[in-house]
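# Residue-level structure breakdown
Single-letter residue listing:
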Amino acid sequence: MSDREGKLQQAIDEAQDIERDPDRVVRTDVKVTRGHRRSKVLQVRLNDDEYNELEQLAGTIGDGGVPLSTLARSLLIEGIQRRTDEVDGGSADSAGPAEAAQMLVHLSAQMARIAETLVPDQQQGIASRR
């Protein structure tokens, strides 16, 4: 049996073990998490320049930077919270489609302001690319 076939057979055996007992620890070097509070995924389209700038910004935060998705999520949540506070103290859950669109516009402007303050040496911010 070749090394490749051996690895394939090992993977098949592990998969069968997992099917028989899904809570059994198969690998100790992998952390499995389930049921965390944030279970919805939002896909956002950015052009190359916007993505690169956001990625660069994420790298400047803290000692080693933060993950890009963490920065995007933080900016999104912050924008929603600020917008909610501005709109008569209501909750974001009560916002309709028009309010949601306004939140996104507001968030985009907020992201541009944050990017300009964190990366002041770049004169061409996110806002100039719209």
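Scoring rules and cut-offs
- Numbering of residues begins from 1 in every chain and follows the order in which that chain's sequence is written.
- Where local features are concerned, this predicted model is filtered to residues with pLDDT of at least 70; where side-chain atom pairs are given and counted, the filter is 80 or more; whole-chain, interface and lining totals use all residues.
- Processing note: side-chain calculations cover all non-hydrogen atoms of the structure and skip hydrogens and water entirely.
- Strands are runs of DSSP state E lasting at least two residues, helices are runs of H or I lasting at least four, and both sets are numbered from the N terminus onward.
- We call two residues in contact whenever any of their non-hydrogen atoms come within 4.5 Å of each other.
- Only the protein chains shown count as cover for residues, and the accessible areas themselves come from Shrake-Rupley with a 1.4 Å probe.
- Accessibility here uses a 1.4 Å probe with only protein chains present; expressed as a share of the type maximum, an area under 20% marks a residue as buried, one over 50% as exposed, and anything in between as partly exposed.
- Nitrogen and oxygen atoms within 3.5 Å of one another constitute a polar contact, given that in protein one can donate a hydrogen and the other can accept it, and given that sequence-neighbouring residues count only through two side-chain atoms.
- For patches, a residue must show more than 30% relative accessible area and have no salt bridge; joins then use 9 Å for like charges and 5 Å for nonpolar side chains, namely Val, Leu, Ile, Met, Phe, Trp and Tyr.
- What counts as a salt bridge is simple: a side-chain nitrogen of Lys or Arg found within 4 Å of a carboxyl oxygen of Asp or Glu.
- Here the expected span of a helix is defined as 1.5 Å times the quantity of residues minus one.

The name that an unreviewed UniProt entry assigns to the chain is Ribbon-helix-helix protein CopG domain-containing protein, with the source organism given as Gordonia sesuvii.

### Some points on the overall build of the chain
The helix and strand inventory of the chain stands at 4 helices and 0 strands. Overall, the chain shows an N-to-C arrangement of helices and strands of α-α-α-α. Long-range contacts, defined here as pairs at least 24 residues apart, represent 39% of the contacts in the chain between residues at least 6 apart. A total of about 10,400 Å² of accessible surface is found on the chain, and carbon and sulfur atoms cover 50% of it.

### Details of the side chain of Thr 84
Mapped onto the fold, Thr 84 is located in helix H3 (residues 68-86). Thr 84 sits in the buried class, given a relative accessible area of 16%. One polar contact links the side chain of Thr 84 to the main-chain carbonyl oxygen of Ile 80, over a distance of 2.8 Å.

### So, a nonpolar patch on the surface
A cluster of nonpolar side chains, Leu 42, Val 44, Leu 46 and Tyr 51, forms an exposed patch at the surface whose accessible area comes to about 400 Å². Topologically, Tyr 51 is positioned in helix H2 (residues 48-60).

### Re H3
The end-to-end C-alpha separation of H3 is 27 Å, in line with the 27 Å expected for 19 residues at 1.5 Å each. Among the residues making up H3, those that are buried are Leu 71, Leu 75, Gly 79, Arg 83 and Thr 84.

### Let's talk about the pattern of salt bridges
Applying the stated criterion across every chain yields a total of 3 salt bridges. For Arg 20, the salt bridge goes to Asp 17, with nearest N and O atoms at 2.4 Å. A residue pair is termed a helical-turn pair when its members lie 3 or 4 positions apart in one helix, as Arg 20 and Asp 17 do in helix H1 (residues 3-20) at 3 residues.

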